[in-house]
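Descriptive structure summary
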Amino acid sequence: QVQLVESGGGLVQAGESLRLSCAASGRVFSGNVMSWYRQAPGTQRELVADSTAGGTTNYADSVKGRFTISRDNAKNTVYLQMNSPKPEDTGTYYCKLEQRRPFMATYWGQGTQVTVSS
């Protein structure tokens, strides 16, 4: 079993940077994909960014050029650096870990709230 704990959320003004962290613990196998999703009230959860263990990244168009995902594999931790956040970035941010070997499994964190005021 894997546990994911997010931190770093809060209330910021538009344009004020914020960094989220997600630490994985338990039976974490290498070669996983770690992702950040977000969900605003009344909307579906959407992918913000993801990163393979090798560092290949993918971003939602809405955050390209503003957010950066990175990871420390030795610490089983993934980060989301949020620069120039906008009010529409407000929501609950969730961390996800997907592993494919030795068996397929998906784990989610409990979420951390980010509120960007205008």
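The structure presented is a predicted model; accordingly, all values stated were derived computationally and were not measured.

Some details on the sheet that holds strand β7 (residues 67-72)
Ordered in space as β1-β3-β8-β7, the 4 strands form an open sheet in which the pairing is antiparallel. Looking at which strands have only one partner, the edges of the open sheet turn out to be β1 (2-7) and β7. Strand-to-strand twist across the sheet, computed as the mean angle between neighbouring axes with direction ignored, equals 15°. As paired strands, β7 and strand β8 (residues 77-82) are joined by 6 bridges and run antiparallel to one another. Directly across from serine 70, in β8, lies its bridge partner tyrosine 79.

Some thoughts on the pairing of strand β4 (residues 33-39)
Counting buried residues in β4 gives 6 out of 7 residues, a clear majority hidden from the surface. Two strands pair when backbone bridges link them, and β4 and strand β5 (residues 46-52) are joined in this way by 6 bridges, in the antiparallel orientation. Across the sheet, residue valine 33 finds its bridge partner in β5, namely threonine 52. Hairpin geometry of β4 and β5 is characterised by an intervening segment of 6 residues between the two adjacent antiparallel strands and by a positive phi of about 80° at glycine 42. As judged from the 7 bridges shared by β4 and strand β9 (residues 91-99), these two strands associate in the antiparallel manner. Within the sheet, the bridge partner assigned to methionine 34 lies in β9 and is leucine 97.

Topic: unusual backbone geometry
Going from arginine 101 to proline 102, the amide bond is cis rather than trans, its omega being 0°. In this fold, proline 102 is placed in the loop between β9 and β10 (105-108). Of note in the backbone geometry, asparagine 76 takes a positive phi value of approximately 50° without being a glycine. Examined against the element boundaries, asparagine 76 turns out to sit in the loop between β7 and β8. Given a relative accessible area of 27%, asparagine 76 falls into the partly exposed group. We note that serine 84 has phi near 50°; this positive angle belongs to a residue other than glycine. Note that serine 84 resides in the loop between β8 and β9. Serine 84 sits in the partly exposed class, given a relative accessible area of 41%.

Here is what the cut-offs are and how they apply
Residues numbered from 1 in each chain as written. Predicted model: local features only at pLDDT ≥ 70, side-chain atom pairs only at ≥ 80, totals over all residues. Heavy atoms only, no water. Pairing = 2+ DSSP bridges. Helix = DSSP H or I, 4+ residues; strand = E, 2+ residues; numbered from the N terminus. Axes fitted to C-alpha atoms, helices over the stretch in contact; angles between N-to-C directions. Buried < 20%, exposed > 50% of the residue type's maximum accessible area, 1.4 Å probe, protein only.

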